[in-house]
Amino acid sequence: MSINRRQFERLKLSDDAIALSEAGQRLGKVSAAGGGGFLIYPTSPEASGLLTPGKRLTITVHEPQQNVNSTVDVEVRYQDGQAVGVEFVGGEAKEKP
């Protein structure tokens, strides 16, 4: 018997969703998004350096094929292998045109 401990449902993102820093730097592929946060798979050592546990950032999740951008405030919670887990903090997502 499996118990679902997830507090929030997973959110649907396209396979091409990427995270961008406030300065527009590509941070990595976005995956496993839920109501509490998401995973980022950094694209470079520089991106990994920006995603250190405890750091707060404003990130734009860009979905090129759908031409959708959502900007959220997050805190980096952990690094697990190649994945970086971020948690949503303060306020709600702000959509950009």
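Residues numbered from 1 in each chain as written. Predicted model: local features only at pLDDT ≥ 70, side-chain atom pairs only at ≥ 80, totals over all residues. Heavy atoms only, no water.

The phi torsion at Ala32 lies on the positive side, around 50°, for a residue other than glycine. Not every positive phi belongs to a glycine, and Asn67 is a case in point at roughly 55°. As for its placement among the helices and strands, Asn67 is situated in the loop between strand E4 (56–63) and strand E5 (68–80). (Helix = DSSP H or I, 4+ residues; strand = E, 2+ residues; numbered from the N terminus.)

Here the focus is the confidence of the model for the protein. Keep in mind that low pLDDT regions are not for reading the predicted coordinates in detail. Model confidence for the protein is summarised by a mean pLDDT of 84, while 81% of its residues fall at 70 or above. The weakest mean pLDDT in the protein belongs to strand E7 (residues 94–96) at 49; the strongest belongs to strand E1 (residues 18–20) at 96. (pLDDT = per-residue confidence, 0-100.)

Once that is clear, we can look at the pattern of salt bridges. Side-chain pairs of opposite charge can arise where the charged atoms are in close proximity. One pass over the structure, following the stated rule, counts 3 salt bridges. Here Glu75 makes a salt bridge to Arg56, at a shortest N to O gap of 3.3 Å. Of this pair, Glu75 sits in strand E5 while Arg56 is found in strand E4, placing the two residues 19 residues apart along the sequence. Glu75 serves as the salt-bridge partner of Arg77, at 3.5 Å between the closest nitrogen and oxygen. Its relative accessible area of 48% is what places Arg77 among the partly exposed residues. Glu75 gets classed as buried once you look at its relative accessible area, which sits at 14%. Among the charged side chains, a network of salt bridges with common partners joins Arg56, Glu75, Arg77 and Glu87. (Salt bridge = Lys/Arg side-chain N within 4 Å of Asp/Glu carboxyl O. Buried < 20%, exposed > 50% of the residue type's maximum accessible area, 1.4 Å probe, protein only.)

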